Structures are given as C-alpha cells and as structure tokens.
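# Report on the structure
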Amino acid sequence: MKPKPRSSPQQAEPAEPAKKSSRSGEAQRSPAIKAVPSTTLPSTALGTGKAGAQIIVDALLAEGVDTMFGYPGGVILPFFDRLYDAPIRFIIPRHEQGGCHMADGYARASGKVGVVVATSGPGACNLTTGLATAMMDSVPIVALTGQVRTELIGNDAFQEADTTGITRPVTKYNCIVKDVKDLARIIKESFYIASTGRQGPVLVDIPVDVQVARCETDGAIEMDLPGYRLAAKGHSGQIKAAAEAINRSEQPVLYVGGGVISANASGELRALAEKAHLPVTTTLLGLGSYDQSRPESLDMLGMHGSAYANYAVQECDLLIAVGARFDDRVTASVKTFAPRAKIIHIDVDPASIAKNVAADIPVVGDAKHILAELIKQVEHRERETWFKKIAEWKKKFPFSYDRGASTVKPQYVIEELCRQTGGKAIITTGVGQNQMWTAQFYRFSRPRQMISSGGLGTMGYGLPAAIGAAVACPDETVIDIDGDHSFNMTMTELRTAVENELPIKVCILNNGYMGMVRQWQELFYNKRYSKSYLSNPDYATVAEALGAVGITVDKKAEVSSAIKKMLSQKRPCLVDFKVDREENVWPMVPTGKSLNEMDGLDLLESLA
Ligand SMILES: Cc1ncc(C[n+]2csc(CCOP(=O)(O)OP(=O)(O)O)c2C)c(N)n1
Ligand SMILES: [Mg+2]
C-alpha cells in the first residue's frame, strides 16, 4: 500500500489486483479468457442467499441514501437492475464527470454523503476529475464502480481499467471487493470513512461477478477499521493555551476555512468571534461560515482577497486558523506570511498541521468541539485600536469597480444578483475571474451557500454542482455564476437539469476569453493573449435547444430586468451576460510576493 496523503485506514481488501504486465505481448494472454466477453456472468458464481447487487442496494438504504447520481454500463448492470425497484432517486448525467460533481454539489449543499456510480474503464476514468475536486476540498462522496470479472482483471479485458490504481491519489480511501461476503461491510466502512475526520471521496470497485454472487446474510454488519483513528476532541491543555493566547492578543485574526462548514461549527465560530471580539477572514471555501454583513467580517483573504483582510493578517499578532490549510493562494509567499503572528492551528487532520506554515499552538480535533471549549475560556476585549485600523483599511480599499461605466461590468451583475436574491441563494461557480468576482461581490451569510471548486480549481464544476445542490435543496434558489469557457466544459448537463425539472439558474459572465488566463497574460506576458480565446456558441440558443429558457443581455440597462425574469422562471434558465471583455480582478497578489504586496490598490482607492 502506497502512503496516503492524509490519515487513512488500512486497506480492507487487497487494493490492487496483481496486474500482469499487460503490454508485454499476446503470449501472456489466455485464449480461453479472451474468448469470454467480460459482461458474461459465470453461472458458478451464483450461490444461495442475497445477490451482491442487492446487498449494495440494501447497504445504501441502510446508510439513508435516497438520492444518487450515475451512468450505467456493462459490468455494473446487475446493480442497475436492482435499482429498478429501489426507493432511490436516480439522476443520470450526460458524462460521469458531471455525475461526480453533482454528487459533490449535493454533499456540499446538504452535508450528507454524495453517491455516484459508474461502469468500469471509461466510466471510472471519467470520475477522476470529480474525485480529485472532492479530494482537494474534503467533500464526502462514495463512488461505486463496476469492474470486469475477477478472473479477467489484469488481462486487458474489454473496458478494464485499473480503477483503484488510477483513483488512489484522488481518494481518501479506495478498495476492490473480491468476495461478496465483504460487500456490505465495505460499503458501510466507506460511508464512515467519507464522512468522518477530514472528509473526502471513497471509491469501491466491484467486479461484476461479485455483484451476481450470492451469500447468506444475517443483517448484522460490523466495521473492521483498526487503522482508522479519529481525533474527536482537542487536547484540553492545547485548548487552554490557545484561549490564553487569544486573551493576551492585541491584534488577533480568525482565519477560517471550509473545515468549519464541514464540521457544522458556524454557530460556534460566530459565538467565539463575538465573545472574544475577533475579526474574521475566510478562505474561498470558508465563505458563508461567517455572516459577511457582520462588523467583524474581513471577507475573503488571499491572492484576490480583500486588502483589509490581507493587511490584517500581515499585521496581526495572533492568527487563529480553523479548518484551513494555509493554501498558497492564501499565504502568498510563505516566508513572509503573517510575520508577527503567533499561530494557533485547529484542524481535524493532523497531516495538515504545520504542513505549510509552522504552528505555535496546534490543536487536532473536531472544530465544533474545540471552538465550543474555547468559547468557555475566552474573555471579551474591545481591541479598539485594532478595529479602528481595520476600519480605515476597509474604508480606503473596498472591493470596487467602475460603477459609472457604460459596459456590462461582471461585478455589477453579481451585485444585482445578490440584491435581487436578498443574498440568500445557493451559489455555485466556474473557475477563473467569474469565481473570484463571485467571492468578492456576492455577500454570503450562511454555511453551505457558496459551492465552488477551490483546491483543484475545476472548470466545468459550476453547472453540475448546481444540479446536485438543487437536488439537495429543492426549496432554495440555486444559481451557477459561470465563466463562458468553464460552462463550455460541461454544458450538456443543462439537459440533465431540464429532464429532472430542476429550476437552476445559470448566469454566464461571458467575456469571450479564458478571462483569468487573459488577465495573467496581460499582466505578466506582455499582453500576448496566446490561445486564451475561443469562439463561443450563442448560449441562449443552446439553452433553448436543451429545453431551458435562454436570455441574452448585452446592455447594462437590461441586467436588472433580465435577472428578475430569470428568477421568476420555474424552469432551468440561462442568462448570457456579455460583460466587459477585459475587466480584471483586483486586488491581486502576484506570485512570489507577500500577501500585503497587492496590485490594483491605487485603482480601488480611487474608486472608493
Ligand atoms: C479543467 C481546467 N482546465 C484549465 C484550467 C486553467 N484555467 C483556470 S481559469 C481558466 C479560464 C477560465 O475561463 P472562463 O471559464 O471563461 O472564466 P473567466 O476567467 O473568463 O471568468 C483556465 C483555462 C482550469 N482551472 N481547469
Ligand atoms: Mg471567460
């Protein structure tokens, strides 16, 4: 077993079939095996008792699964056959990547485990981007894949891929089930592993013969995970040390990541910030963990974060990191990050602590518990000078743009979306400028409201994630604020929304460019816009062809009424906003610079 990047259980099963050198020539192949198509089921595998496929369905139902996403194929057909009568809502995407992002969006919006299923080979390979996206952002997913018959594994059988090998680096845990007797236990363990500790995707690969094999079951399923230990409660001595450091601090900053949302600890976060009186900045994934309308909020930090958050971090004497991993988009130059600060790092994953930035007071454990303990021990302090300084930065360098421009500014579209939805919608995004402007200009007030691919930065995530979120939260308005080229990557999923009557909204900030790439080329490659332009289709026509409502906006004066019309639709609706083509995201910390060395501040100051 190769070392895993984060704490993981022992392999419950041999994870990787002993693979013959499959490229070494025909001589190694058995003619007898070659003659049998991989989807032909060996009748000898059938015994008495419950079939593997039914065991899977029952195990899913036992986990409370009522919704799943997936796409069929030959070696997963026994399982799909059992789904025919199962009380599980099933959403079929147009591509397995879309299905995986849907399960991911469903998980982020609901807090439950997302489930996705695919066939072997091409189906399983198509899941990898979705799994990597979920892995980087610690999203609980259970992926089930069909595999060729056990006896064919390693023979280059039709649609065979080494799924556990391919997905090992992009899953928290994976395994192949070779004996039907292990199936129920492994599925139970998968849900447990995906949803506990630092959450993440788990993949279970199930050969077709295991799906048809039968075994007697008595219903009792015991997990067997001796190597998987969870640090539930934080160390009381470390918590005490953290509380004392907070009480002593003159210039503290709470730096909050997606871990607080995963731990359902937003209530505790707010209580701590209010009681001790702490300014709060969040990462992209932490948006929504702290109500941005509150006075302590510093909004997002990092490369495109607020000037006031970045300055506060660079000048603070105490940085309290909770459920965040000091990603390079946050720290900028690590060497000069938060140079004056003592660092408290609270995280459920011991491997994340001191990985990028050394922690003075590490606290390993569940954020909800640790924050609750801290609340008891911290004292209220006014910290007037510190908050005054922050207020000055806020006044001087707010997020801004040219509001008087005659063109459609992307930031204006987002502000108008926020205004008309009362800041209450669930928002998903593409990747690039659209994502950063959404983080800057939509105001998030509650957890699980902002759904974006932060760690991997996966273009094409926004639309399928919106579909997953809409399945999870049928009573909410779900809006995908997307880039034109991000949307291009998975746009056929709009048909999935239409087919399943999910009235999601898609707002394309259509600048005609891979805008973020173009911005870097403008700033760092002498405006040589090499290959960052592609011609786009007419998106409103595409939307109509896929059965959704399509609207085009190319005038500023039409923005507000188009959004109103979009929000009133009971069907999926897309609005193609032809935005200012060369607008940039400000501020920006160029690569290699310190967090306080932001470009664009003169502009922001002049617009303030
Ligand atoms: C799958 C994938 N391929 C490439 C990239 C690199 N990349 C990051 S942003 C970007 C451009 C995005 O363009 P668009 O979706 O139009 O968004 P904009 O920046 O214009 O808002 C690219 C190519 C990526 N993040 N994901
Ligand atoms: Mg674009």
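Everything discussed here concerns the structure shown above.
This section reports on the structure supplied with the text. Since this is a predicted model, take the numbers as computed values, not measurements. (Residues numbered from 1 in each chain as written. Chains lettered and ligands numbered in written order. Predicted model: local features only at pLDDT ≥ 70, side-chain atom pairs only at ≥ 80, totals over all residues. Heavy atoms only, no water.)

## Some remarks on the coordination of the magnesium ion (ligand 2)
Angles between donor atoms at a metal ideally measure 109.5 degrees for a four-coordinate tetrahedral arrangement and either 90 or 180 degrees for a six-coordinate octahedral one. Going by this rule: Counted as donors are the N, O and S atoms within 2.8 Å of the metal, or 3.2 Å for Na, K and Ca, while water is not among the atoms, so some sites may look incomplete. Strands are runs of DSSP state E lasting at least 2 residues, helices are runs of H or I lasting at least 4, and numbering of each runs from the N terminus. To sort residues, take the accessible area from a 1.4 Å probe on protein chains only and compare it with the maximum for the residue type: under 20% means buried, over 50% means exposed, and anything in between is partly exposed.
In this structure, Asp 484 (OD), Asn 511 (OD1) and Tyr 513 (O) serve as the protein donors to the magnesium ion (ligand 2), at separations of 2.0 to 2.1 Å. Taken in sequence order, the residues that donate to the magnesium ion (ligand 2) follow the motif D-x26-N-x1-Y. Of the two residues, Asp 484 is situated in helix 20 (residues 484–490) and Tyr 513 in the loop between strand 18 (505–510) and helix 22 (515–524); the sequence distance between them amounts to 29 residues. When sorted by exposure, Asp 484 lands in the same class as Tyr 513, which is buried.

## Some points on the sheet that holds strand 19 (residues 549–553)
Stated formally: Strands are labelled as partners when DSSP assigns at least two bridges between them.
Overall, parallel pairing links the six strands, which are arranged 16-15-17-18-20-19 in an open sheet. Of all strands in the sheet, those bounded by a partner on one side alone are strand 16 (450–451) and strand 19. In this sheet, strand 18 lies alongside strand 17 (residues 478–483) in parallel orientation, the contact comprising five bridges. Residue pairing in the sheet places Asp 482 in a bridge with Ile 508 of strand 18.

## Quick notes on the site of ligand 1
The condition is simple: Throughout this document, a residue counts as near a molecule or strand when at least one of its heavy atoms sits within 4 Å of that molecule or strand. N or O atoms within 3.5 Å of each other form a polar contact, as long as, within protein, one can give a hydrogen and the other can take it, and as long as residues adjacent in sequence are counted only when both atoms are side-chain atoms. Just so you know the grouping, Ala, Val, Leu, Ile, Met, Phe, Trp, Tyr, Cys and Pro go in nonpolar, Asp, Glu, Lys and Arg go in charged, and all remaining residues, Gly too, go in polar.
Of all residues adjacent to ligand 1, which total 17 residues, the nearest are Gln 433, Gly 457, Asp 484, Ser 486 and Gly 515. In this structure, a nitrogen atom belonging to ligand 1 sits 2.8 Å away from a main-chain N or O atom of Gly 457. One of the backbone nitrogen or oxygen atoms of Met 516 is found 2.9 Å away from an oxygen atom of ligand 1. Mapped by element, the contributors of at least two residues to the shell around ligand 1 are helix 18 (433–441), helix 20 and helix 22. Counting residues per element, the shell around ligand 1 draws most heavily on helix 20, which supplies four residues. Partitioned by chemical class, the residues of the shell around ligand 1 number seven nonpolar, nine polar and one charged.

## A word on the side chain of Lys 172
For clarity, the threshold we go by: Counting rule applied: Lys, Arg positive; Asp, Glu negative; His and chain ends not counted. Salt bridge, as applied in this entry: a Lys or Arg side-chain nitrogen positioned within 4 Å of an Asp or Glu carboxyl oxygen.
Within the element layout of this structure, Lys 172 appears in the loop between helix 7 (163–167) and strand 6 (173–176). At 8.5 Å, Asp 349 is the nearest oppositely charged side chain to Lys 172, a buried residue that forms no salt bridge. Within the local environment of Lys 172, its side chain forms a polar contact with the backbone oxygen of Thr 196, the two atoms lying 2.8 Å apart. Polar contacts involving the side chain of Lys 172 include one to the main-chain carbonyl oxygen of Arg 198, which spans 2.8 Å.

## Section: the nonpolar core
Where we set the bar: We define a nonpolar core as any set of buried Ala, Val, Leu, Ile, Met, Phe, Trp, Tyr and Cys residues linked to one another through side-chain atoms lying within 4.5 Å.
Core analysis: the biggest nonpolar cluster contains 70 residues, and Leu 319 and Phe 577 have the highest contact counts within it. With six residues, helix 13 (residues 307–315) is the single largest residue contributor to this core. Membership of the second largest hydrophobic core comes to 46 residues, among which are Phe 69, Ala 465, Ala 466 and Phe 487.

## Some thoughts on the pairing of strand 20 (residues 573–578)
Using the following cut-off: Whether a crossover is right-handed depends on one test, that the path from the first strand over the helix to the second runs clockwise when the strands point away from the viewer.
Of all six residues in strand 20, five are buried, a share of seventy percent or more. One ladder, built from six bridges, connects strand 18 with strand 20; its direction is parallel. Each residue of the ladder has a partner; that of Cys 507, found in strand 20, is Val 575. Note: strand 19 against strand 20, five bridges, orientation parallel. Of the residues in strand 20, the one forming a bridge with Val 549 is Cys 573. Remark: the strand 19/helix 24 (residues 559–568)/strand 20 crossover connection has right-handed handedness.

## Let's talk about the environment of Leu 374
Threshold: Only heavy atoms enter the contact rule, under which two residues are in contact if any of them lie within 4.5 Å.
Mapped onto the secondary structure, Leu 374 falls in helix 15 (residues 367–377). A relative accessible area of 1% means that Leu 374 is categorised as buried. Between the alpha carbons of Leu 374 and Pro 279 there is a distance of 16 Å; along the sequence they are 95 residues apart. Residues within four places of Leu 374 in sequence aside, it is in contact with Ile 239, Ala 242, Ala 243, Ile 246, Leu 272 and Ile 346.

## Thoughts on the sheet that holds strand 11 (residues 297–300)
For the record, the criterion: Here an axis means a line fitted to C-alpha atoms, over the contact stretch when the element is a helix, while the angle between two N-to-C directions is reported on a 0 to 180 degree scale.
If you walk across this open sheet you meet the six strands as 11-10-9-12-13-14, and the pairing is parallel. In this open sheet, the two strands that pair with only one neighbour each are strand 11 and strand 14 (361–364). Across the sheet, the mean angle separating the axes of adjacent strands is 15° when strand polarity is ignored. Summarising the sheet, strand 9 (residues 252–256) and strand 12 (residues 318–322) pair through five bridges and their orientation is parallel. Its bridge partner being in strand 12, Val 256 is matched across the sheet by Val 322.

## Focus: the pattern of salt bridges
Summed over the entire model, instances satisfying the criterion amount to 31 salt bridges. Between Arg 108 and Asp 104 there is a salt bridge; the shortest N-O distance is 2.6 Å. Highlighted residues: Arg 108 and Asp 104, both in helix 4 (residues 96–110), separated by four residues, approximately one helical turn. We note that Arg 108, like Asp 104, is buried. Asp 328 is the partner of Arg 329 in a salt bridge, and the nearest nitrogen-oxygen pair spans 3.5 Å. Overall, the relative accessible area of 42% leaves Arg 329 in the partly exposed class. Each of Arg 270, Glu 274, Arg 294 and Glu 296 takes part in salt bridges that share partners, so that together they form one network.

## So, helix 19 (residues 462–472)
Burial runs high along helix 19: 10 of the 11 residues are buried. Among all positions of helix 19, only Gly 462, Leu 463, Pro 464, Ala 465, Ala 466, Ile 467, Gly 468, Ala 469, Ala 470 and Val 471 are buried.

## Quick look at the packing of aromatic side chains
Our working rule: The criterion for an aromatic pair is that two Phe, Tyr or Trp rings (for Trp, the six-membered ring) have centres within 6.5 Å, with stacked assigned to planes under 30 degrees apart, edge-to-face to planes over 60 apart and tilted to the rest. To sit over a ring, a charge needs its Lys NZ or Arg CZ within 6 Å of the ring centre and within 35 degrees of the ring normal.
Within the structure shown, the criterion is met by 17 aromatic pairs. Between Phe 79 and Phe 80 the ring centres are 6.2 Å apart and the planes differ by 80°, which places this aromatic pair in the edge-to-face class. The two residues Phe 79 and Phe 80 agree in class, both being buried. Ring plane angle 70° and centroid distance 5.4 Å describe the contact between Phe 80 and Phe 90, whose orientation is recorded as edge-to-face. Here Phe 90 lies in strand 3 (residues 89–91) and Phe 80 lies in helix 3 (residues 77–83), a separation of 10 residues in the sequence. Its relative accessible area of 16% is what places Phe 80 among the buried residues. Since its relative accessible area comes to 22%, Phe 90 is described here as partly exposed. Connected via pairs of aromatic rings, a cluster forms that spans Tyr 308, Phe 399, Tyr 401 and Phe 441. For the cation-ring pair, Arg 518 lies above Tyr 513, with the distance from its terminal atom to the ring centre recorded as 5.6 Å.

Purely geometric stuff here, so don't read any function into it on its own.
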